[in-house]
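One letter stands for each residue in the lines below.
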Amino acid sequence: MNLVQTLRDLNDRHRAALPARDRTDFEDELDRLRMIRLVEEGLGLGDHLPDFSLSDGAGRLWTSQELLDRGPLVLALFRGGWCPYCDLTMAALEEARPAIEALGARAVGIMPERVEHIAATVERRGIGYLMLSDPANGFARTCGLAYDLSSAHIRIHRDRGRDFPALHGDTHWRLPVPAVFVVAPDARVVFAFADVDPACWPDPEALLTALQALRDTHALSNR
């Protein structure tokens with residue numbers, strides 16, 4: 001799957017089908033988020049991953065330290081199972097999972113939906129990697145990669161039957177910025193990609209390249 005092109009094609013179809021008002025409101029929201037430099041101020045290359053303790057769909061609690069003790073992570077922040085762009089990216093990450101694991105790493109997804117919704121998404125998508133629930137976007141906010149929706153953006157989602165406060169166990173209408181990181185065992189971020197546009201994700205090949213470079217660096221340091 002060429003993820004970047006697939007997402008671009010889907011985005012073109014979606015935007016063409018949107019009513020003019022919705023298209024304008026969505027583009028205004030992206031402009032607002034770019035203006036406040038949300039991505040630039042959030043977790044990035046060279047930073048250390050904040051600690052987390054989050055549950056999977058079965059209610060099992062996982063900590064970042066426990067996962068990093070096992071090796072590098074490919075960590076993705078998804079908006080939710082309702083998002084078609086996240087849906088395609090989840091599938092692409094699952095397709096890349098064997099290659100990720102062959103490089104000694106583990107793929108982990110995080111999204112703000114409640115545990116029961118996480119379990120349903122994992123089952124529906126046939127996901128074999130770990131998917132964790134981030135209630136009220138607590139971890140995403142710690143990373144500086146969550147935002148309150150504008151009233152116009154709330155209207156767009158309400159019109160489509162989405163109630164994020166109920167879905168996320170939150171009192172605010174909030175979403176995470178779509179993002180993916182490669183994290184070394186010492187919690188250092190060695191690859192970072194985030195974009196306020198939900199249709200923008202890197203191809204998994206970029207993640208594999210970062211993992212290979214991390215592995216090569218580790219091999220050299222052990223000589």
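Below: a short report on this structure. (Residues numbered from 1 in each chain as written. Predicted model: local features only at pLDDT ≥ 70, side-chain atom pairs only at ≥ 80, totals over all residues. Heavy atoms only, no water.)

## Things to note about helix 2 (residues 20–35)
Here is the rule we go by: Counting from the N terminus, the helices are the DSSP runs of H or I reaching at least four residues and the strands are the DSSP runs of E reaching at least two. A helix is expected to span 1.5 Å multiplied by its residue count minus one. The cut-offs for exposure are 20% and 50% of the maximum accessible area for each residue type, with area from a 1.4 Å probe on protein chains only; residues under the lower value are buried, those over the upper are exposed, and the others partly exposed. By definition, the arc is the one covered by directions from the helix axis to the C-beta atoms.
For helix 2, which comprises 16 residues, the first-to-last C-alpha distance of 22 Å matches the rise-based estimate of 22 Å (1.5 Å per residue) to within 8%. When we look at burial in helix 2, the residues that qualify are Asp-22, Asp-25, Phe-26, Glu-29, Leu-30 and Leu-33. The buried residues of helix 2 all sit within an arc of 140° when viewed along its axis, so they share a single face. Opposite its buried face, helix 2 presents the exposed residues Ala-20, Arg-21 and Met-35, each directed more than 90 degrees away.

## Examining the pattern of salt bridges
Oppositely charged side chains can pair when the atoms bearing their charge come close. Cut-off, in case you're wondering: Here a salt bridge means any side-chain nitrogen of Lys or Arg lying within 4 Å of a carboxyl oxygen belonging to Asp or Glu.
The full count for this structure, using the stated rule, is 19 salt bridges. Glu-41 is the salt-bridge partner of Arg-37, the closest N and O atoms lying 3.9 Å from each other. Classification of Arg-37 as partly exposed rests on a relative accessible area of 43%. Linking Arg-174 and Asp-148 is a salt bridge whose minimum nitrogen-to-oxygen distance equals 3.8 Å. Of the two residues, Arg-174 is situated in strand 7 (residues 174–176) and Asp-148 in strand 6 (residues 146–148); the sequence distance between them amounts to 26 residues. With relative accessibility at 10%, the residue Arg-174 sits in the buried group. In this structure, a network of salt bridges that share partners links the residues Arg-21, Asp-22, Asp-25, Arg-155, Asp-159 and Arg-160.

## Considerations on the packing of aromatic side chains
Convention followed: Planes of paired rings set the category: under 30 degrees apart is stacked, over 60 is edge-to-face and the rest tilted, where pairs are Phe, Tyr or Trp rings (Trp by its six-membered ring) whose centres lie within 6.5 Å.
One pass over the full model with this rule turns up four aromatic pairs. Relative to Phe-139, the ring of Phe-52 has its centre 5.1 Å away and its plane inclined at 75°; by these criteria the two rings are edge-to-face. In this pair, Phe-52 is assigned in the loop between helix 3 (38–41) and strand 1 (53–56) and Phe-139 in helix 7 (residues 138–142), connecting sequence segments 87 residues apart. Judged on exposure class, the residue Phe-52 and its partner Phe-139 are both buried. Seen from their ring centres, Phe-78 and Trp-201 are 5.4 Å apart, and the 35° between their planes marks the pair as tilted. Here Phe-78 is found in the loop between strand 3 (73–77) and helix 5 (84–102), whereas its partner Trp-201 is found in the loop between strand 9 (189–194) and helix 10 (204–221), with 123 residues between them in sequence.

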